[in-house]
Amino acid sequence: MSSVNLSDRIPNNVNLSNDRTLQRALEHWQPRFLNWWDEMGPNEFAHNDAYLRTAVGVDAEGWASYGYVKMPDYRWGIFLADQDPERKIGFGDFQGQPVWQQVPGEFRSQFRRIIVTQGDTEPASVEQQRLLGSICPSLYDLRNLFQVNVEEGRHLWAMVYLLHAYFGRDGREEAEELLSRHSGDVDKPRILGTFNESIDDWMSFFCFTYFTDRDGKYQLKSLAESAFDPLARTCRFMLTEEAHHMFVGETGLGRVIRRTLEVMKETGSDDPAVIRRAGAMDLPLIQRYINFWFTSSLDLFGSEVSSNAASTFANGIKGRPDESLYSDHLALNESFELVVPQGESGVGTEEIPMRNAMNEVARVAYVKDCGMGLKRWNMMIQRAGHAFELALPSTRFRRGIGAWANIPTDPTGKRISAEEHTRRMPEWVPTEADRAHVKSLMQRVVEPGKMAAWIAPPDRGINNQPSSYEYVKL
Ligand SMILES: [Fe+2]
Ligand SMILES: [Fe+2]
């Protein structure tokens, strides 16, 4: 097992102190990171103790420790899953060969672009979420927000380590750029669309952690297969942390729905106006938030047909999520049947070579994973005696990238006229009135154990603490 050094200025399990040049470069980047955190991280809470977990190793049993920490003092470290000396490349043209400990020159720019794109999303989400603390529905939720934030910060460290350690001067320059682009900035936006959307209410935050962090999970799963071993090991460990982010999203939305059902029972009504007057979120509103964030996250997988995806697969850069589940890791003779727009209003299919469909393969797995939470929520709704069913919209709906980009469809994927599309959009994604209502409910609740009226308490607290624990000391 790798040895963990927690006393270095930068905690790590990569023997950083053995490589003085690298260590110095990263120690030079560290104050810039802290500056960025100060300016772009969670506002107004720099001096408060928060009950957070910190990665202290990669041992499955005890990889994290819990305790109070002020966020700027958080010990952001560099942790890679342990190396498997026998590991072989699992897919693509180099399948079966030993994995790479260095980046092959011919794939350098492809690797760099992928690492930069992944790295860019991590600080982006911290920026997007920076104002949520002041309108938190409970101390428990405030703590979860901060946990997600500090871990996205650590994921940035994970990518910056790779850039510094394996990409020389280009890598160092990219690491600087990761701190100079900002979410929603007109001149220097973040690379991917969803990461420039604003997240100024907790419904958006829960949807983001449910849908967009889950996209992150699938990207990390693909990169965890990479032939470049340090990248694979980094991503494998990031997945351990990422699971909590999706837990926050799933339980967050689940608690909102549970509260809505309580209010429906109390008022004996499912009329959105009545539910809103009682201070909760109505189910149709929740569906519109789901529609918005799910469709926005779908675009993150890229085009259905992609020669770039074929090439990153062939070159061993990025595999399929859970590559080991497939029997053919070359994917040379298979094809994929894609649903595509046909003519003015039709829907048809097209056979494309499997390698070109890798984005779509990952998206299909992602959509299935997204469905799991909805199943549980629908069970709750059904048990409460309501016919309402939450649904994921079709992957053709409201797409901005790929075969269905800018093709007007309804949420079931049925093609409709541009006029109908525009006219009916308020039925499908959050309206101004929805957002205003959600905003009106965003009042800060910080008494330990108390919850805002629009969300039910969690089933249990964090790390066996009660849900009334003082998760953040204000
Ligand atoms: Fe992340
Ligand atoms: Fe995340």
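Please refer to the structure higher up on the page.
A brief report on the enclosed structure follows. Predicted model only: the values in this text are computed from it and were never measured.

### Comments concerning the overall build of the chain
And then number 1: Secondary structure assignment for the chain yields 12 helices and 5 strands.
And then number 2: The C-alpha radius of gyration of the chain comes to 23 Å, within 12% of the 23 Å expected for a compact globule of 474 residues.
And then number 3: In terms of overall dimensions, the chain has C-alpha extents of about 65 × 60 × 40 Å along its principal axes.

### Side note on helix α2 (residues 108-128)
And then number 1: For α2, spanning 21 residues, the distance from its first C-alpha to its last is 30 Å, which sits close to the expected 30 Å at 1.5 Å a residue.
And then number 2: Extensive coverage of α2 is indicated by the burial of 15 of its 21 residues.

### Re the pairing of strand β3 (residues 335-342)
And then number 1: As paired strands, β3 and strand β4 (residues 346-353) are joined by 8 bridges and run antiparallel to one another. Considered in β4, the bridge of V339 is made with T349.
And then number 2: Hairpin connection of β3 to β4: 3 residues between the antiparallel strands, including G343 at a positive phi of 60 degrees.

### Quick look at the sheet that holds strand β1 (residues 49-55)
And then number 1: Taken together, 3 strands build an open sheet; the order of strands is β2-β1-β5 and the sheet is antiparallel. Edge strands, defined here as strands with exactly one partner in the open sheet, are β2 (64-70) and β5 (472-473).
And then number 2: One ladder, built from 2 bridges, connects β1 with β5; its direction is antiparallel. Bridging from a neighbouring strand, A50 pairs with V472 of β5.
And then number 3: This element, helix α3 (residues 139-166), spans β1 and β5 of the sheet and lies at about 40 degrees to β1.

### Here's the deal with the environment of W100
And then number 1: Tracing the backbone shows W100 in the loop between β2 and α2.
And then number 2: Judged by the 19 C-beta atoms lying within 10 Å of it, W100 falls in the partly exposed class.
And then number 3: In this structure the C-alpha to C-alpha distance between W100 and G319, which are 219 residues apart in sequence, comes to 15 Å.

### A closer look at the packing of helix α1 (residues 20-40) against α3
And then number 1: Where α1 contacts α3, the axes come no closer than 11 Å and their chain directions differ by 145 degrees. Every pair of crossing elements has a handedness; the one defined by α1 and α3 is right-handed. Side by side, α1 and α3 meet where L22, A25, L26, W29 and W37 of the first sit next to G153, V160, Y161, H164 and A165 of the second.

### Focus: the packing of α2 against α3
And then number 1: The geometry of α2 relative to α3 is characterised by a closest axis approach of 8 Å and an angle of 155 degrees between their N-to-C directions. On the basis of their axis angle, the class for α2 and α3 is roughly antiparallel. Like other packed secondary-structure pairs, α2 and α3 cross with a definite hand, here left-handed. When α2 is examined against α3, the residues I115, Q118, G119, E122, P123, S125 and V126 are found in contact with a partner set consisting of N149, E152, G153, H155, L156, M159, V160, L162 and L163.
And then number 2: When grouped by side-chain class, the residues that make up the contact of α2 with α3 number 8 nonpolar, 6 polar and 2 charged.

### Observations regarding the nonpolar core
And then number 1: Ranked by internal contacts, the top residues of the largest apolar core, which has 110 residues, are V160 and C207.
And then number 2: Those residues in contact with C207, other than ones at most four positions away along the chain, are Y289, I290 and W293.

Reading guide: rules and limits
Residues numbered from 1 in each chain as written. Chains lettered and ligands numbered in written order. Predicted model: local features only at pLDDT ≥ 70, side-chain atom pairs only at ≥ 80, totals over all residues. Helix = DSSP H or I, 4+ residues; strand = E, 2+ residues; numbered from the N terminus. Rg over C-alpha atoms; globule rule 2.2 N^0.38 Å. Expected span 1.5 Å × (residues − 1). Buried ≥ 20, exposed ≤ 12 C-beta atoms within 10 Å, placed from the backbone. Pairing = 2+ DSSP bridges. Contact = placed C-beta atoms within 7 Å. Axes fitted to C-alpha atoms, helices over the stretch in contact; angles between N-to-C directions. Left-handed = near helix turned anticlockwise from the far one by under 90°. Parallel < 35°, antiparallel > 145°, perpendicular 65-115°, else oblique. Nonpolar A, V, L, I, M, F, W, Y, C, P; charged D, E, K, R; others polar. Core = buried A, V, L, I, M, F, W, Y, C linked by C-beta atoms within 7 Å.

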